[in-house]
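Architecture at a glance
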Amino acid sequence: MPGILYAIPTPLGGTAADALPASALASVRTLRDFAVENAKTARAFLKDVAMPCPIQELRISMLEKDVSPHVKTLQAGSSVGLLSEAGCPAVADPGAALVDAAHAAGIRVVPLVGPSSIVLALMASGLEGQRFTFCGYLSREAEERRKKIRELEARSHRNRETQIFIETPYRNDQMLAALIETCAPDTRLCVASDLTLQTESIKTENIARWRKAPATIGKRPTVFLLLSG
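Residues numbered from 1 in each chain as written. Predicted model: local features only at pLDDT ≥ 70, side-chain atom pairs only at ≥ 80, totals over all residues. Heavy atoms only, no water.

In this section: the sheet that holds strand E3 (residues 59-62). If you trace the 5 strands from one edge of the open sheet to the other, you get E3-E2-E4-E1-E5, paired in parallel fashion. Only two strands of the sheet have a single neighbouring strand rather than two, namely E3 and strand E5 (109-111). Geometrically, the sheet is characterised by an average inter-axis angle of 25° between neighbouring strands, direction not taken into account. Sheet topology places strand E1 (residues 5-8) next to strand E4 (residues 80-83); 4 bridges connect them, and they run parallel. What sits directly across from Tyr-6, in E4, is Gly-81. (Pairing = 2+ DSSP bridges. Helix = DSSP H or I, 4+ residues; strand = E, 2+ residues; numbered from the N terminus. Axes fitted to C-alpha atoms, helices over the stretch in contact; angles between N-to-C directions.)

What follows is the structure in structure tokens.
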């Protein structure tokens, strides 16, 4: 029988016990093979989980473009834990390729319960929660970014749909400035930073109010959400 691919969420901040329920932690502790985005942070997470064996005895392999070695491990009967850098694996994350390959090979995929910055931000935004789209990263080039913002705002207006996207932390303030400059005054914008951390901040205002009191985000993990008025 093939193994099972477990999609394991990791904390956005704080400890594993704070972020994952006991049932998820128990499942992680049964595993010995892991496919990871970053070996250093994966080892720190697994140490925090209190694995029942020394970390050196775990088989921790980096996720590469070629995911076939992980699939072969699963086909040989060993279950594998898929670990993202933070939050849910395979969501805005290279782990999606391994999940897809597992399905193609007829291997069972089990998602464990844990934090998702995208869902947490939507929950706390007050914006449309029935219809929403996650758009990933927008362009880093200024004019292309403004063009994409206008497209997302138009789609939000047309479909009454919340648009969700993220940015590399050091470009957060450029993104916020572009949104404030480009969007219509009645478009609502939520900026959710440092979710689950002590420094967490979540603010939803229309663009007119953002223009009156522009904020500085800094280099903090942030999710942006907009809904056209």
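Anyway, onward from the coordinates.
Considered as a void within the structure, the largest pocket measures approximately 620 Å³ in volume. In terms of lining residues, the largest pocket is bounded by 26 residues, among which Ala-86, Ser-117, Tyr-137, Ile-166 and Pro-221 are the most central. Mapped onto the lining of the largest pocket, the elements with two or more residues apiece are helix H6 (117-125) and strand E10 (222-227). Partitioned by chemical class, the residues of the lining of the largest pocket number 15 nonpolar, 6 polar and 5 charged. By volume, the second largest pocket is sized at about 220 Å³. If you go around the second largest pocket, you meet 14 residues; those closest to its centre are Thr-10, Pro-11, Thr-41, Phe-45 and Glu-85. By residue number, the principal contributor to the lining of the second largest pocket is helix H3 (residues 39-49), which donates 5 residues. (1 Å grid on protein atoms, 1.4 Å probe; cavity = no way out; pocket = protein on both sides within 12 Å on 5 of 7 lines; lining within 4 Å. Points joined across faces, edges and corners; volume = space filled by probe spheres on them. Nonpolar A, V, L, I, M, F, W, Y, C, P; charged D, E, K, R; others polar.)

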